[in-house]
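Tertiary structure, described
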Amino acid sequence: MLAPSANPHEILALARKLRAGAAELRALGVERIVSALCDAAQQLRGTGALATITRQKLHADTGLHPAMIEWGLCTTLASVEPSVLMELAAPLWNARVHKPVPAELIAVVLAGNVFTACVRGLFLPLLTGAPVIAKTAARDPALALALERALHAADPSVARHLAVLAFDRDDNASLQAFVGQAQVVSVYGSDAAVEAIASEAPQARLLAHGHGISAAYVGPQSLETPDALRDAAARLALDVAAYDQLGCLSPHLVWVHTASLAQAESFARALCDHGLEQLQSLLPRGKLELDAQAAELQWRGIAAASGTLYTGSAHAVSVETGPARTSPGFRNLSVRLCTNLPHFARALTPFATHLKAIGVAGSAELRTELRAELARQHGSEAPKPHVCRLGEMQTPGFDAPADGRPALYGLTR
Amino acid sequence: MSPTLRTRIEQLIDRLADGSHDDAARDALLAELAQQQASTVEPYQRFLASERRRPHGLLPALPTDVFRFARVAAHASAADVAVFRTSGTTAEHRGSHAFAELALYDRAARAAARHALFPDRPRLRLLVLAPDVHEAPDSSLSYMLAQFFRWFGAAGSSYVWRNAALRHDALVQALREASAHDEPVALLGTSFAFVHAEDALGSERFQLPHGSRIMQTGGFKGRSRSIEPAQMLELLQARYGIAAPFIVQEYGMTELSSQLYETTLREAALGLPVTARRLWVPGWVRAQPIDPQTLLPVARGEVGLLRIDDLANVGSVCAIQTSDLARTLEDGVVVLGRAQSALPRGCSIAADEWLAH
């Protein structure tokens, strides 16, 4: 591992070394790579020194509550299962015809809003048999560094093909050295970051995981009985509370399928008073900086002045009919009304290119219907958001599609 | 609003126009005004129904962003004589502040500017680096500067900014004339306009006569490169040959009717010792950094979110909650900048981008 102060020459030398070792990694075989990755994940789920220190650092860096750190680590690392990884990798490694060629080096730029995003960010490229050079987010480098160390403990022969480093986002010389040797560059971050990095890596295929926004939909059946309503509210509460609503899979708005304002308000109350309130004791909200508090104050003010606002101990739910607006995160959510599924899909149209996930309270058929409706209204070119059940928005499987594409999309040549 | 309350507010502004303070009288009037507005301004009424905290018995302040989504006015739109709008790229989401009359706005603006900007001279040649009212009829700044022409402008006052661009030749000519005739001028404008001037003037430097002054206001909002305040101060001094104390920031916002000015100009102009730079808060305004969790004022010197209670905001809501980070300093406040968007840089879309669709 390089120190965060690594200079461009050191980064370039490292990138070249990693690239030169590509064949060596492939020679280890998929079983060994899978085993190493799963072992590393397992280590960080445990109570060893590295796992403990990592939790402490994550808490300090992200401001999330320790219980939320624990939840995020457990749900994410548990998804790193040997069978899942093998099934995902098998078509690449075992193909007899048109066998995909692993990249000789994949550069990964990690984002800082959801600390567990680096697990897939680092492991998926390794699974293809490609060495990985990764830049951590300045905000929370802890887990990426911990994964690197855990991998080293699990299998140094695999670990030597992964390097995690840090440098300033404005350090162009380091960035050029970082991406210059890569055949694939995978970028998690803002659209601006994606654009800036793309211009430095014309030789590479760019996998952009840019700006994102997510929403939720509560079908009519979930509003029919108090139990159904409460169940949907509880499930949505988890999607909202997870990572304190700072990720691109975090819903900022939920549309409830009703023409009745009173019914929408009932749902909002259930979400606020039961769903989110209960989670506040299980997964308390983390620390808010003054900037975040300012944004929350403004958002809630608008909600109270122009709609209806329900506030809880560390969260708020509004019912609004004016222009759709995102919340500042940190467990603030708007409930909106829609009269049918096409109405809901239409409401999302302006944001179609940024949609990452849609949580649905309703049947599997409803989700299928929604996917079709989104395709109809947003066109076949628009990215396909991950449509899933409420309560599962923040826990996509390790093999789940991202940005509407298969998990390993674009990582091979 | 009751005529007697209105009269008492006018009297207080007049009485405190000399820079004195009577916090008890101010606070009593603010409480009375806020109570009236709580029953006559519908969005405030709704806001208060939801926000039940009463910090130290005060009604909570209405967040500025509400002006972007709701009409915050005690009167019907048919009675509007002016609607000022915040700057922005999409009209739909620009904040707007409607006025049924501007007499009290004028009274407060004139008194504050007389005290802080023009304490030493009844009139001065004004050179304005901001659009005029015809070009920007919904800008409260343009309105105020137009009034400055009437109240404080000497012969030769002019706009050196037109059609969103600097009138380079007009500015240079006016500044050369001022130097040649030893006639001090007041350069008044937006910060980004001063940056444009900085870029346009190249190597040209001026040594403006003593008594010349600069008032700059607002941020950059993507209309020019951003420059840190301390650096801006240095640039302006070097460019125009004006001593630092004579260069001040104005703090105003569309949602308010009163303005705050930095203290140094008055002190220097009157030959008083120049003390630490801070915003002077007129006696009819209360400006307090608060803790957003409790809504209570933060301890002296600590950073909080600036709450402003403005007695001149009679037609909307007098208690305004900004997103500006500030701390108190002596008898004034220091604004440290606007709180950043809450969402961290990452893959979550920024709120404004959503709104921009």
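Keep in mind that this is a model prediction, so the values were computed, not measured. (Residues numbered from 1 in each chain as written. Chains lettered and ligands numbered in written order. Predicted model: local features only at pLDDT ≥ 70, side-chain atom pairs only at ≥ 80, totals over all residues. Heavy atoms only, no water.)

1. Thoughts on the overall build of chain B
Rule in force here: Working definition: helices are DSSP H or I runs of at least four residues, strands are E runs of at least two. Numbering for both runs from the N terminus. Radius of gyration means the value over C-alpha atoms here, while the globule rule gives 2.2 Å times the residue count to the 0.38 power. Note on definitions: a residue-residue contact is assigned when non-hydrogen atoms from the two residues lie within 4.5 Å. A residue counts as positive if it is Lys or Arg and as negative if it is Asp or Glu; His and the chain ends are not included. Taken as the charge location is NZ of Lys, CZ of Arg, CG of Asp or CD of Glu.
Looking only at helices and strands, chain B has 11 helices and 16 strands in total. Rg of the C-alpha trace for chain B: 20 Å, near the compact-globule value of 21 Å for 357 residues, within the 12% margin. In chain B, of all internal contacts separated by at least 6 residues, the share reaching a separation of at least 24 is 68%. Within chain B, the 40 negative side-chain charges are centred at a point lying 1 Å from the centre of the 37 positive side-chain charges.

2. Remarks on helix α16 (residues 364-378) of chain A
An α-helical segment advances 3.6 residues per turn. Residues three or four places apart therefore align on the same side. Residues and elements named next belong to chain A. Applied cut-off: Here the expected length of a helix is defined as 1.5 Å per residue gap, with one fewer gap than residues.
Between its first and last C-alpha, α16 extends 21 Å over 15 residues, near the 21 Å set by a 1.5 Å rise per residue. Looking at the buried side of α16, the elements it contacts are β6 (213-218), α15 (341-348), β11 (355-361) and β12 (386-389). One or two residues past the end of α16 sits Gly379, with phi positive at roughly 85 degrees.

3. Concerning the pairing of β11 of chain A
Look at any regular strand and the pattern is simple: side chains alternate between the two faces of the sheet. Residue and element names in this part refer to chain A. Which entries qualify depends on this criterion: Residue burial is assigned from relative accessible area. The probe radius is 1.4 Å, only protein chains are included, and a residue is buried under 20% of its type maximum, exposed over 50%, and partly exposed in between. At least two bridges found by DSSP between two strands are what make those strands a pair.
Here β11 lies mainly inside the structure; seven of its seven residues are buried. Here six bridges tie β6 to β11, and the two strands are oriented parallel to one another. Within β11, the residue paired with Ala215 across the bridge is Ile358. As paired elements, β11 and β12 share four bridges and run parallel to each other. When the bridges of β12 are listed, Ala357 appears paired with His386.

4. Some remarks on helix α5 (residues 66-77) of chain A
Residues and elements named next belong to chain A. Over its 12 residues, α5 runs 16 Å from end to end, which matches the ideal 16 Å to within 8%, given 1.5 Å per residue. Regarding α5, the residues found buried are Met68, Ile69, Trp71, Gly72, Leu73, Thr76 and Leu77. The elements touched by buried residues of α5 are α3 (30-45), α4 (49-62), α7 (117-127), α8 (142-154) and α12 (226-241).

5. Comments concerning the sheet that holds strand β9 (residues 316-319) of chain A
Residue and element names in this part refer to chain A. So the rule is basically this: Inter-axis angles, ranging from 0 to 180 degrees, are taken between N-to-C directions of lines fitted to C-alpha atoms, where helices are fitted over the stretch in contact.
Pairing is mixed in the open sheet, where seven strands are placed in the order β8-β9-β10-β7-β6-β11-β12. Two strands lie at the open edges of the sheet, namely β8 (308-311) and β12, each paired on one side alone. Averaged over all pairs of adjacent strands, the angle between strand axes in this sheet comes to 20 degrees, irrespective of strand direction. Here strand β7 (residues 251-257) pairs with strand β10 (residues 332-338) via five bridges, running parallel.

6. A few points about the interface of chain B and chain A
Our working definition: Once two parts are put together, the accessible area they lose, assessed with a 1.4 Å probe and summed over both, is termed the buried area. Within this document, salt bridges are pairs made up of a side-chain nitrogen of Lys or Arg and a carboxyl oxygen of Asp or Glu, the two lying within 4 Å of each other. Two N or O atoms count as a polar contact when they lie within 3.5 Å, although within protein this holds only if one can serve as hydrogen donor and the other as acceptor, and sequence-adjacent residues are included solely when both atoms are side-chain atoms.
At the junction of the two partners, chain B supplies 38 residues and chain A supplies 45 residues. Both sides together, the interface formed by chain B and chain A hides about 3400 Å², and carbon and sulfur atoms give 65% of it. The tally of links between chain B and chain A comes to zero salt bridges. At the boundary of chain B with chain A, the tally comes to eight residue pairs in polar contact (both at pLDDT 80 or more).

7. Examining the pattern of salt bridges
All names here are of chain A. Counted according to the given criterion, the structure contains 40 salt bridges over all chains. Salt-bridge contacts for Arg413 lead to Glu104; the nearest nitrogen and oxygen are separated by 4.0 Å. Note that Arg413 is positioned in the segment after β12 and Glu104 in the loop between α6 (82-93) and β1 (106-109), a separation of 309 residues in sequence. On the basis of relative accessibility, which here comes to 25%, the residue Glu104 falls in the partly exposed class.

8. Looking at the confidence of the model for chain B
Residues and elements named next belong to chain B. How we decide: As a per-residue measure, pLDDT reflects the predictor's confidence and takes values from 0 up to 100.
Scored by pLDDT, chain B has a mean of 92; 92% of the residues are at 70 or more. Confidence drops under pLDDT 50 across residues 342-357; counting only partners more than four residues distant or on other chains, this segment forms 59 contacts. Overall fold confidence (pTM) sits at 0.92, and the ipTM for the predicted complex is 0.91.

9. A look at the layout of surface pockets
Residues and elements named next belong to chain A. Rule in force here: Here a cavity denotes grid points, spaced 1 Å and computed from the protein atoms alone, that fit a 1.4 Å probe unable to get out, and a pocket denotes an open set having protein on both sides within 12 Å along at least 5 of 7 lines; residues with an atom within 4 Å of a point are the lining. Grid points are joined across faces, edges and corners, and a volume is the space filled by probe spheres set on the points. All amino acids are sorted into three groups, where Ala, Val, Leu, Ile, Met, Phe, Trp, Tyr, Cys and Pro are nonpolar, Asp, Glu, Lys and Arg are charged, and the leftover types, Gly among them, are polar.
Estimated volume of the second largest pocket: approximately 840 Å³. Around the second largest pocket sit 39 residues that line it, and Arg120, Leu249, Pro396, Pro401 and Ala402 are the ones nearest its centre. At the level of secondary structure, the elements contributing two or more residues to the lining of the second largest pocket comprise α5, α7, α16 and β12. Ranked by the residues each element gives to the lining of the second largest pocket, the list is headed by α16, at four residues. When grouped by side-chain class, the residues that make up the lining of the second largest pocket number 20 nonpolar, 14 polar and five charged.

10. A short note on the packing of aromatic side chains
What counts is decided by this rule: Here a pair means two rings of Phe, Tyr or Trp (six-membered ring of Trp) with centres within 6.5 Å. Their orientation is stacked below 30 degrees between planes, edge-to-face above 60, and tilted elsewhere. Lysine NZ or arginine CZ positioned within 6 Å of the ring centre and within 35 degrees of the ring normal marks a charge as sitting over the ring.
Applying the stated criterion across every chain, the model contains 19 aromatic pairs over all chains. Ring geometry for Tyr44 of chain B against Phe47 of chain B: centres 6.4 Å apart, planes inclined by 15 degrees, an arrangement best described as stacked. Of the two residues, Tyr44 of chain B and Phe47 of chain B both sit in helix α3 (residues 42-50), three residues apart, roughly one turn of that helix. When its relative accessible area of 0% is taken as the criterion, Tyr44 of chain B is described as buried. Looking at Phe47 of chain B, the relative accessible area reads 5%, which means it is buried. Cation over ring: Lys135 of chain A sits above Phe167 of chain A, and NZ or CZ is 5.3 Å from the ring centre. Above the ring of Phe69 of chain B, the side-chain terminus of Arg325 of chain A is found at 5.6 Å from the ring centroid.

11. Quick word on empty space enclosed by the protein
Any space left empty among the atoms is revealed by the rolling of a water-sized probe across them. All names here are of chain A. For the structure on display, the rule yields two cavities of 30 Å³ or more. For the largest cavity, the calculated volume is near 70 Å³. For the largest cavity, the full set of lining residues is Leu110, Ala111, Val114, Phe115, Ala117, Cys118, Thr136, Ala137, Asp140, Pro141, Ala144 and Tyr188. Per-class residue counts for the lining of the largest cavity are 10 nonpolar, one polar and one charged. Estimates place the volume of the second largest cavity at around 30 Å³. Every residue lining the second largest cavity is listed: Thr62, Leu64, Asn113, Phe115, Arg139, Tyr243 and Leu246.

12. Observations concerning the sheet that holds strand β3 (residues 162-165) of chain A
Residues and elements named next belong to chain A. Across the sheet, five strands lie side by side as β3-β2-β1-β4-β5; this open sheet has parallel pairing. Edge strands, defined here as strands with exactly one partner in the open sheet, are β3 and β5 (205-209). Geometrically, the sheet is characterised by an average inter-axis angle of 15 degrees between neighbouring strands, direction not taken into account. As paired strands, strand β4 (residues 184-188) and β5 are joined by five bridges and run parallel to one another. Bridging from a neighbouring strand, Ser186 pairs with Leu207 of β5. Sheet contacts for α7: β1, β2 (132-135), β3 and β4; angle to β2, the most-contacted strand, approximately 165 degrees.

13. Some details on unusual backbone geometry
Residue and element names in this part refer to chain A. You will see that His98, though not glycine, has its phi angle at about 50 degrees, which is positive. Relative to the helices and strands, His98 resides in the loop between α6 and β1. You will see that Phe330, though not glycine, has its phi angle at about 60 degrees, which is positive. On the secondary structure map, Phe330 appears in the loop between β9 and β10.

14. Let's talk about the side chain of Thr86 of chain B
Residues and elements named next belong to chain B. For Thr86, the position within the fold is in the loop between β2 (82-85) and β3 (96-99). Separated by 2.6 Å, the side chain of Thr86 and the backbone nitrogen of Gly95 make a polar contact. Leaving out residues up to four positions away in the same chain, Thr86 has contacts with Arg94, Gly95, Thr254 and Glu255.

15. Notes on the packing of helix α1 (residues 3-16) of chain B against helix α2 (residues 23-40) of chain B
Residue and element names in this part refer to chain B. Rules: The handedness criterion is simple: a crossing whose near helix is rotated anticlockwise from the far helix by less than a right angle is left-handed, and one whose near helix is rotated clockwise is right-handed.
The geometry of α1 relative to α2 is characterised by a closest axis approach of 11 Å and an angle of 150 degrees between their N-to-C directions. Between α1 and α2 lies a crossing of left-handed hand. Of the residues in α2, those in contact with Leu5, Arg8, Ile9, Leu12 and Arg15 of α1 are Ala25, Arg26, Leu29, Glu32, Leu33 and Gln36. Classifying every residue of the contact of α1 with α2 gives six nonpolar, one polar and four charged.

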